[in-house]
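Descriptive analysis of the structure
Chain by chain, the residues:
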Amino acid sequence: MAIDDMVDDGWEPTSDYDDQMDALARGLLEYDDTHCRHGTFVGNWAGPDYMCGYCEMGVTDEEFEEGKRLEAERNEKRKAARQRWEEINREVETTTDKDATWATAVAFLDSEEGQWLYR
Ligand SMILES: [Zn+2]
């Protein structure tokens, strides 16, 4: 059923995920009506009543914010490690002193910073 038909018919929310996401995209439903405070799609009152893991576990707002902060911190460290690794790889390709550059690469991989390439 096209969303325009539903509007013309005085559309009421259905339990169908695609219908709800379509209605959300068209501004017929509010984001807060279909998502919990963690940003998980849970469906509106008509269903489908998806469960958010954070809500189900009773994670507090403070714990959730701390989790987001830690995740952002980890992502920053991964990004920094990847950027440094790309720099080292460019050096390996262009250097006239391969041994020294390989030593730099090995030292980086052994370092705390380098470990973030794999975390
Ligand atoms: Zn939630």
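Residues numbered from 1 in each chain as written. Predicted model: local features only at pLDDT ≥ 70, side-chain atom pairs only at ≥ 80, totals over all residues.

Thoughts on the packing of helix α5 (residues 61-94) against helix α6 (residues 98-110)
For the pair α5 and α6, the least separation of the axes is 9 Å and the interaxial angle reads 160°. Judged by the inter-axis angle, α5 sits roughly antiparallel to α6. The crossing of α5 and α6 is left-handed. Seen from α5, the contacting residues are Arg84, Trp85, Ile88, Glu91 and Val92; seen from α6, they are Thr101, Trp102, Thr104, Ala105 and Phe108. Its residues assigned to classes, the contact of α5 with α6 shows six nonpolar, two polar and two charged. (Axes fitted to C-alpha atoms, helices over the stretch in contact; angles between N-to-C directions. Helix = DSSP H or I, 4+ residues; strand = E, 2+ residues; numbered from the N terminus. Parallel < 35°, antiparallel > 145°, perpendicular 65-115°, else oblique. Left-handed = near helix turned anticlockwise from the far one by under 90°. Contact = placed C-beta atoms within 7 Å. Nonpolar A, V, L, I, M, F, W, Y, C, P; charged D, E, K, R; others polar.)

What about the environment of Lys77?
Among the secondary structure elements, Lys77 is positioned in helix α5. On the basis of neighbour count, Lys77 is assigned to the partly exposed category, with 16 C-beta atoms found within 10 Å. When the C-alpha positions of Lys77 and Trp116 are compared, they lie 6.3 Å apart, and in sequence the two are 39 residues distant. (Buried ≥ 20, exposed ≤ 12 C-beta atoms within 10 Å, placed from the backbone.)

Comments concerning the environment of Glu76
On the secondary structure map, Glu76 appears in helix α5. Residue Glu76 is classed as exposed on the basis of its 11 C-beta neighbours within 10 Å. Taking the C-alpha atoms as reference points, Glu76 and Trp116, 40 residues apart in sequence, are found 9.6 Å from one another.

Here's the deal with α5
Here α5 contains 34 residues, and its C-alpha end-to-end distance of 50 Å stays within 8% of the 50 Å for a straight helix at 1.5 Å per residue. Little of α5 sits inside the fold, with two of its 34 residues counted as buried. (Expected span 1.5 Å × (residues − 1).)

Quick notes on the environment of Glu87
Looking at the element boundaries, Glu87 is found in helix α5. Judged by C-beta crowding, with 12 C-beta atoms within 10 Å, Glu87 ranks as exposed. Distance from Glu87 to Ala105, taken between C-alpha atoms, is 9.9 Å for residues 18 residues apart in sequence.

It is worth stressing that arrangement in space is one thing and function is another; only the former is reported here.
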